[in-house]
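Coordinate analysis (summary)
The lines below spell out each chain.
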Amino acid sequence: MTEEESGKNAKTVFRDATTGRKLDMDALRKKEEDKEDEKKKTLSMMMEWGAGLKQKEDREAALLRQENEKMKPLARYEDDKDMNRELMEQNRFLDPMAAYLAKKNKSKKEKKSKKEKKEKKEKNEGNRKIKLPKEPRWKGFTAPGNRFNIKPGNAWDGVDRSNGFEAKLLRREGEKAAQAEKAYMWSVEDM
């Protein structure tokens, strides 16, 4: 009997338990790896989103400043441009020139931010934007109003557990507005 007939050194055939069809294990492994990569990508994106993008930018800026400081000599003299610029940027209490410098710096920052936005837009034109999930919201009936116009979250069960203060407050505000409108109409009635 040959090895081919006996099945010695033959490749293992995997089958689906319910249907009995042959399964391509390489394709299944690749599919699982893709799922894992996608999961890791979304998890890292959510972690970055939750950590705060501004804090990340601040850390990167601080690291950049530290790298620049490494290249400078230890002793700093009066003609050090960077040190002079940093001292000029500091705000001092009761400085008579502060308003003028603030206005001047504001215009510089606006120009710089416009330039950065333009560069960032050009840089990101090729990249596709990743849509982050929005906060889940209550999708049931219209919730009772409140003075801050805050809508209920997705976990609200629809039961109004207030003591009635918000409703009284909103009603009183409405009555005040109606009374003011009525008084205005009465005052301009003869015109």
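Structure shown above.
Predicted, not measured: the structure shown is a model, and the values here were computed from it.

With respect to the packing of aromatic side chains
- Taken as a whole and judged by the stated rule, the model has three aromatic pairs.
- Look at Trp138 and Phe141: their rings are 5.8 Å apart centre to centre, the planes differ by 85°, and that puts the pair in the edge-to-face class.
- Taken together, Trp138, Phe141 and Trp156 form an aromatic cluster joined through their ring pairs.

Details of helix α2 (residues 25–51)
- For α2, spanning 27 residues, the distance from its first C-alpha to its last is 39 Å, which sits close to the expected 39 Å at 1.5 Å a residue.
- Two residues or fewer past α2, Gly52 is found with a positive phi of approximately 105°.

Considering a nonpolar patch on the surface
- The grouping of Phe14, Leu23 and Leu28 at the surface amounts to a nonpolar patch, some 230 Å² of accessible area in total.
- In this fold, Leu23 is placed in strand β2 (residues 22–23).
- Residue Leu23 is classed as partly exposed on the basis of its relative accessible area of 31%.

Digging into the side chain of Asn146
- With respect to the helices, strands and loops of the structure, Asn146 is situated in the loop between α5 (98–124) and α6 (165–187).
- A polar atom in the side chain of Asn146 sits 2.7 Å from the backbone nitrogen of Asn149.
- Contacts of Asn146, omitting those with residues within four sequence positions, involve Glu166 and Leu170.

Side note on the layout of surface pockets
- If you add up the space inside the largest pocket, you get close to 690 Å³.
- In terms of lining, the largest pocket is formed by 17 residues, of which the most central are Arg85, Glu89, Asn105, Lys108 and Lys109.
- Of all the secondary structure elements, the ones that give two or more residues to the lining of the largest pocket are α4 (81–89) and α5.
- Take the lining of the largest pocket: its biggest share by element is ten residues, from α5.
- Counted by class, the lining of the largest pocket contains four nonpolar, four polar and nine charged residues.

Regarding the environment of Phe165
- Tracing the chain through its elements places Phe165 in helix α6.
- Given the relative accessible area of 42%, Phe165 is considered partly exposed.
- As for Phe165 and Asn146, which are separated by 19 residues in sequence, their C-alpha atoms are 9.5 Å apart.

What counts as what
Residues numbered from 1 in each chain as written. Predicted model: local features only at pLDDT ≥ 70, side-chain atom pairs only at ≥ 80, totals over all residues. Heavy atoms only, no water. Phe/Tyr/Trp six-rings, centres within 6.5 Å; stacked < 30°, edge-to-face > 60°. Helix = DSSP H or I, 4+ residues; strand = E, 2+ residues; numbered from the N terminus. Expected span 1.5 Å × (residues − 1). Patch = residues over 30% accessible without salt bridge, like charges linked within 9 Å, V, L, I, M, F, W, Y side chains within 5 Å. Areas by Shrake-Rupley, 256 points an atom, 1.4 Å probe, with all protein chains shown as cover. Salt bridge = Lys/Arg side-chain N within 4 Å of Asp/Glu carboxyl O. Buried < 20%, exposed > 50% of the residue type's maximum accessible area, 1.4 Å probe, protein only. Polar contact = N/O pair within 3.5 Å; in protein donor to acceptor, adjacent residues only side chain to side chain. Contact = heavy atoms within 4.5 Å. 1 Å grid on protein atoms, 1.4 Å probe; cavity = no way out; pocket = protein on both sides within 12 Å on 5 of 7 lines; lining within 4 Å. Points joined across faces, edges and corners; volume = space filled by probe spheres on them. Nonpolar A, V, L, I, M, F, W, Y, C, P; charged D, E, K, R; others polar.

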